[in-house]
Amino acid sequence: MMNVTVDGKEFFLDVRDVCPHCHQSTSLQVLQAVKSPVSNECAAVLLCRRCKRLVFADLLLLNKLLGTDDTKLIALYPNPKDLEIPAEMDLHYPTFYELYRQAHRAEEENLTEIVGAAYRKALETLVKTYLTEQFPADAPAISTELLGNSIARIEYPRIKALAKVAAWIGNDETHTFKKNPDLNVADMKNFMVALCHLILAEKVGDEAAELVARK
Ligand SMILES: [Zn+2]
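This one's a predicted model, so the numbers in the text were calculated from it and none came from an experiment. (Residues numbered from 1 in each chain as written. Predicted model: local features only at pLDDT ≥ 70, side-chain atom pairs only at ≥ 80, totals over all residues. Heavy atoms only, no water.)

Structural notes on the packing of helix H3 (residues 112-134) against helix H6 (residues 157-174)
Here comes step 1: One can describe the packing of H3 onto H6 by two numbers: an axis separation of 8 Å at closest approach and a directional angle of 145°. Relative to H6, H3 is oriented so that their crossing is left-handed. Facing H3, whose interface residues are Gly 116, Ala 117, Arg 120, Leu 123, Val 127 and Tyr 130, H6 presents Ile 159, Ala 163, Ala 166, Ala 167, Gly 170, Asn 171, Glu 173 and Thr 174.
Here comes step 2: Among the residues making up the contact of H3 with H6, the classes are represented as eight nonpolar, four polar and two charged. (Axes fitted to C-alpha atoms, helices over the stretch in contact; angles between N-to-C directions. Helix = DSSP H or I, 4+ residues; strand = E, 2+ residues; numbered from the N terminus. Left-handed = near helix turned anticlockwise from the far one by under 90°. Contact = heavy atoms within 4.5 Å. Nonpolar A, V, L, I, M, F, W, Y, C, P; charged D, E, K, R; others polar.)

Observations regarding the domain arrangement of the protein chain
Here comes step 1: When the domains of the protein chain are assigned, the result is domain 1 (3-77) and domain 2 (88-214).
Here comes step 2: Once you take the C-alpha centre of each, domain 1 and domain 2 turn out to be 36 Å apart.
Here comes step 3: Listed per partner, the contact involves six residues of domain 1 and four residues of domain 2.
Here comes step 4: For domain 1, the biggest contributors to the area lost against domain 2 are Cys 22, His 23 and Gln 24; these three give 71% of the whole.
Here comes step 5: Our count for the contact surface shared by domain 1 and domain 2 stands at zero salt bridges.
Here comes step 6: Here domain 1 and domain 2 share zero residue pairs in polar contact (both at pLDDT 80 or more) between them.
Here comes step 7: Residue classes in the side of domain 1 that touches domain 2 are distributed as three nonpolar, three polar and no charged. (Domains from an automatic or database assignment. Buried area = accessible area lost by both parts, 1.4 Å probe. Salt bridge = Lys/Arg side-chain N within 4 Å of Asp/Glu carboxyl O. Polar contact = N/O pair within 3.5 Å; in protein donor to acceptor, adjacent residues only side chain to side chain.)

Considering the packing of aromatic side chains
Here comes step 1: Scanning the entire structure with this criterion turns up three aromatic pairs.
Here comes step 2: Each ring, one from Phe 56 and one from Tyr 77, has its centre 6.4 Å from the other, and the planes form 35°; the classification is tilted. On the criterion of sequence distance, the pair formed by Phe 56 in strand E5 (residues 54-62) and Tyr 77 in strand E6 (residues 70-77) is long-range, its members being 21 residues apart.
Here comes step 3: What makes Phe 56 partly exposed here is its relative accessible area of 37%.
Here comes step 4: Between the aromatic rings of Phe 96 and Tyr 100, the centroid separation amounts to 5.8 Å while the plane-to-plane angle is 55°, which identifies the pairing as tilted. Here Phe 96 and its partner Tyr 100 are both found in helix H2 (residues 94-108), four residues apart, which amounts to about one turn of the helix. In this structure, Phe 96 and Tyr 100 share a single accessibility class: buried.
Here comes step 5: What links up through ring pairs into an aromatic cluster is the set Phe 96, Tyr 100 and Tyr 119. (Phe/Tyr/Trp six-rings, centres within 6.5 Å; stacked < 30°, edge-to-face > 60°. Buried < 20%, exposed > 50% of the residue type's maximum accessible area, 1.4 Å probe, protein only.)

Observations concerning helix H7 (residues 185-214)
Here comes step 1: The first and last C-alpha atoms of H7 sit 44 Å apart over 30 residues, in line with the 44 Å expected at 1.5 Å per residue.
Here comes step 2: Of all the positions in H7, only Val 185, Met 188, Lys 189, Met 192, Val 193, Leu 195, Cys 196, Ile 199, Leu 200 and Glu 202 are classed as buried.
Here comes step 3: Residues of H7 that are buried make contact with helix H1 (88-92), H2, H3 and H6.
Here comes step 4: The distance from a side-chain oxygen at the start of H7 to the backbone nitrogen of Ala 186 is 3.0 Å, and the residue carrying that oxygen is Asn 184. (Expected span 1.5 Å × (residues − 1).)

Thoughts on the pairing of strand E4 (residues 41-48)
Here comes step 1: Across the two faces of E4 the burial differs, with Cys 42, Ala 44, Leu 46 and Cys 48 buried and Glu 41, Ala 43, Val 45 and Leu 47 not buried at all.
Here comes step 2: Judged from the seven bridges that link them, strand E3 (residues 28-35) and E4 form a sheet pairing that is antiparallel. The residue of E4 that forms the bridge with Val 34 is Ala 43.
Here comes step 3: The hairpin formed by E3 and E4 contains five residues between the paired strands. (Pairing = 2+ DSSP bridges.)

So, the packing of H2 against H7
Here comes step 1: Closest axis-to-axis distance for the H2/H7 pair is 14 Å, and the angle between their directions is 155°. For the element pair H2 / H7, the angle class is roughly antiparallel. Where H2 crosses over H7, the handedness of that crossing is left-handed. Across the interface between the two elements, Phe 96, Tyr 100, His 104 and Glu 107 from H2 touch Lys 189, Met 192, Val 193 and Cys 196 from H7.
Here comes step 2: Its residues placed into classes, the contact of H2 with H7 shows five nonpolar, one polar and two charged. (Parallel < 35°, antiparallel > 145°, perpendicular 65-115°, else oblique.)

Structural data, given as C-alpha cells:
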C-alpha cells in the first residue's frame, strides 16, 4: 500500500497500485503530495517505475477519530481503463495475460494496424495453454499445429465457438484480405472476454465436480 506524508501526518493513498498508462501492478511511487491551504483536498504526483509516466491523484484527506488517517480518491488522471478480461486470468494464464495487456496497450496508443494481430497472438497462446492442460500428452502437437487445428480439439461447444470466431477476426486482422469484413477488433475482444469467463467458469466447475465426486 502506498502512503504519503502531509503536514507531518501519514496517510494511506486510496489509489490502486496499478499504472493507468501501462497497467503494470506495484509500479507507482509517490513523488510529491500537496495539501490545499483551504480544504482537506490533496494532490499527489505519482511516477510509474516501469513506463516512467506520471499519474496525478486528487484525494480527500480524512481525519478518522480512531485508527489511521486515510484518504478518499476523488479523481485519477489518466482515468484507469481496466483490462476487460478477469484478473484471475493472470494467475492461471500469465503468458496470455501479458500478451493481452500488451495488445491492450497498443490499442490505447492507437496502433490500429497491429492491434488485431497482437490480440490474435494472445488468443493463440490462451487456446494452446488451455488445451495443453487438458491433453498434456498431446502438448508437442498442440504447440506446433495451426491454431484452427487446436481449436478443433476443444470439447466444450461454447468455448470452441468463441475461440473459432475470435480466431476468424484475428486472422483477418493479420492478413491483407478480410474474409469477415463485418467483424472487427471490438467484436474479437468481446468474444475473447466471454472466452476467458467460460474457461475460468469451467475451471471452477471442475473443482466443484471433484468435491462432489469425493463425497
Ligand atoms: Zn506505467
